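# A closer look at the structure
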Amino acid sequence: MSLTISPTRDEREPNRCLARSVVSTLAVEPALEAVTIDRAQQKISVATLGRADVGRLTDRLTEKFHEAQELGGARACGLLSGHGDCETCDAPLSPAELQLVTIKSEGNATTIARVTCPTAPKFWRWRDMPFPKVVQRDVEFLEHADHEDEWKPQLVLALLCGALGLLAAFVAPAAWRVPLFVLSYVAGAWFPAVEVWERLQQRAIDVHFLMLAVAAGSASIGAWGEGATLLFLFSLSGALEHFALGRTQKEIRSLFREAPKVATVLDGQGNEREVKVEALQRGMRLLVKPGSQFAVDAEVLKGGTAADESNLTGEATPVEKKIGDTVLAGTINLWGAVEVTVLRPVAESSLQKIIHLIREAQQQKAPSQQFTDKFGTYYTYIVLALSLAMFFVWWLAFGWPAFTSTAELRSAFYRAMTLLVVASPCALVLSIPSAVLAAIAWGARHGVLIRGGAAVEKLADVNVVALDKTGTLTTGELRVEKVESFPAGKETEVARLAFSLDRLSTHPLARAVTRHGKQQGFTPVEFAHFESVTGQGVKGRCERGECLLGRREWIALARGDQVVAQVTPTEAGFSEVWLSSGDLVGRIILRDDIRPQARAVVDELKRSGLRTLVLTGDRRATAEHLKTELHLDEVRAELKPEEKVAAIKSLSDAGNRVAMIGDGVNDAPSLAVAHVGVAMGARGSDAALEQADVVLMHDRLENFLAAFRLSQRARRIIRQNLVVSLGTVAVLVVFALLGKIPLPVGVVGHEGSTVVVVMNSLRLLFGGNVRPAPRA
């Protein structure tokens, strides 16, 4: 478990120290673990935990480094001057900041890393980047993305091609036939020619080139009608393909089209002013009126309301928001005027994070698609070579006319053109990406974010589902039931110290304690030292001495007396966090209810033939209670993060395909090693979100069933598409080699299979039997 670094200074205050720039970046980038600055090589290396957005890290480091350079920090900082430390800065790191990181110098290179457990560096992935150049960070608004209506002009030109071809073939006098056919060719070939030109600039050819070559060949031997038929059907199928993909894009963009552009900022005197969302900074106070959207992720400071989060989570039920609760960018404030404080800039909001995940998902290809893409490239050259070879075979070996067809015998060139058409891999190339994009779009509409084609395919292979307890099988919305001190009378001091320590952590237990402290109006105690003890808790040093907060066993061992042992453990279904500071000892009792849907989900997983397993760091009694209540196959309790990883690896080594469902930072390594990692909700930890292949929005566990069924259905449709595309090619090629199929029929068969494949994939958009269950 990595230590969560909280900035110890105002984020709006410029950084004069380059080391502090790195520390502040570590504080807001959970996936970033370490940064190495090599002055001689003019290179920066970043270490991340698993998959991470390197582009975002580059932008963040660029921003911070440039800030330091503008203020002279880069020149004064020992990290760049060659001293290898921060002592020569005019604004060096404070002792509190130095407690949060380790700084190590070797030659011209200096490494700054967050304090973490010894096993964590084994999971780090290092990447190199040049010294950052200053670039403008843009906020993504999807309405500026590619237009989903590209199919409309393509359809118009396709219909024009067909109309002109029919007019030339059956209506126009002989003198007008060729000019009308030429116009038909221009209309039908316009968009394919644009794509061919773009591919040729990349020194590549594809099926569009083959179709244009066949059309040109048909015209060269006087078969104008066949060429016009080919271009009409090819351009029509292209328009239908773009319609299907545009529909997919439209489903995604409709979620975010109304992203807010401005926000109402309150100054120290309570005056209001409109500010563009790009200019909002952490710590600013905003006023959000009823009916308005929350412009950024923020925390409620004053007032109460309910938020409509359906565009992010797929959940139509309003979510109550009170003081201390988090509101998400892009969601709607339903009824109450509230004051909020900005948690993060708009470019790092949950809305932008989801947009990024969806765009990333659309770019990641399934393994089978990677194969068909590679195969399709070689196959195109094979088809060209085969058609050329068969032309000479039919001409020289069989003695058929080279270019002139007769009523009784078609020419070798005509037969070669027919073979070229029917053997082209149009349907094959589209069989997988069309299904994958449709599945991603359906998931995005229903609160399931699937990060690419690989996840779509892999999820269907799962036979073991491992689940975290807190926040996954339970609601994760823990609430403080009771605060106790031993002896009694110091409950307020126990709660205040626990709040002060837990506000530096992101664990669900810590969030509950922090929320309770804010609602009670506690002023936090300042700690000069803060440390996360993996699997045990946290500790810090303040004016009253060392303060420990964590597990019962850890506190009892640290105290060495019988105070903790004399207190009866909580009942199953409750959690406890113990605090010890000098003669002060107490505990906070929290309640976390089992999700109402959990029993039904577990039962359905078992009916689907999946084995269910819970991996939790909680007490064995609580885990066994959960097993009994939910009829789980197996539970493993009192596990540290590395022990969860080991459990998943052992299952995988035994031949199982494991899906791990979790939500916290401590779940991130487990998500990384699982066959499929599944993160709970947009409000889960960034580290878990970065590792996940699938994200279940609004923490709806039942959506895992929807994702699993969607994956199974997508795999079936992909297989159907492959059978249709390959089967059609095989049958048509045999008939073409035997000379038993005319070019127009070959064109109809070829383009018909392409349309069937695309339309079959489009069925995934309508969900069918994968629709999520209604919320209980």
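Everything that follows concerns the structure shown earlier in this document.
The shown structure was predicted, so the numbers you read here are calculated from the model rather than taken from an experiment.

### Description of the packing of helix 7 (residues 174-201) against helix 8 (residues 207-220)
Contact geometry of helix 7 with helix 8 gives a least axis separation of 9 Å together with a crossing angle of 145°. Crossing of helix 7 over helix 8 shows left-handed handedness. For the pair helix 7 and helix 8, the contacting residues are Tyr-185, Ala-189, Pro-192, Ala-193, Glu-195 and Val-196 in the first and His-208, Phe-209, Leu-212, Ala-215, Ser-218 and Ala-219 in the second. Tallied by class, residues from the contact of helix 7 with helix 8 come to nine nonpolar, two polar and one charged.

### Here's the deal with the pairing of strand 16 (residues 464-467)
Neither face of strand 16 is left uncovered, since the one carrying Val-464 and Ala-466 and the one carrying Val-465 and Leu-467 both have all their residues buried. Sheet analysis places strand 16 next to strand 23 (residues 611-615), joined by four bridges and oriented parallel. Its bridge partner lying in strand 23, Ala-466 is registered against Leu-613. Note that strand 16 and strand 25 (residues 658-662) share four bridges and pair parallel. What sits directly across from Val-465, in strand 25, is Ala-659.

### Overview of the sheet that holds strand 10 (residues 305-308)
Strand order in the open sheet made by the three strands is 11-10-13, with antiparallel pairing throughout. Both edges of this open sheet fall to strand 11 (319-321) and strand 13 (332-333), since each of them pairs with a single strand only. Relative to strand 11, strand 10 runs antiparallel, the two being bridged by three bridges. Looking at the pairing, Thr-305 lines up with Lys-321 of strand 11.

### As for the sheet that holds strand 26 (residues 676-680)
Taken in spatial order, the seven strands line up as 15-27-26-25-16-23-24 in an open sheet, and their pairing is mixed. With partners counted over all chains shown, the strands left at the sheet margins are strand 15 (448-450) and strand 24 (634-636), one partner each. For this sheet the average axis-to-axis angle between neighbouring strands, irrespective of direction, equals 20°. Where strand 26 meets strand 27 (residues 694-696), three bridges bridge the pair, whose relative direction is parallel. Its bridge partner being in strand 27, Ala-679 is matched across the sheet by Val-695. The strands touched by helix 22 (residues 620-630) are strand 23 and strand 24; relative to strand 24, the strand with the most contacts, the crossing angle is about 165°.

The rules behind these values
Residues numbered from 1 in each chain as written. Predicted model: local features only at pLDDT ≥ 70, side-chain atom pairs only at ≥ 80, totals over all residues. Heavy atoms only, no water. Axes fitted to C-alpha atoms, helices over the stretch in contact; angles between N-to-C directions. Helix = DSSP H or I, 4+ residues; strand = E, 2+ residues; numbered from the N terminus. Left-handed = near helix turned anticlockwise from the far one by under 90°. Contact = heavy atoms within 4.5 Å. Nonpolar A, V, L, I, M, F, W, Y, C, P; charged D, E, K, R; others polar. Buried < 20%, exposed > 50% of the residue type's maximum accessible area, 1.4 Å probe, protein only. Pairing = 2+ DSSP bridges.

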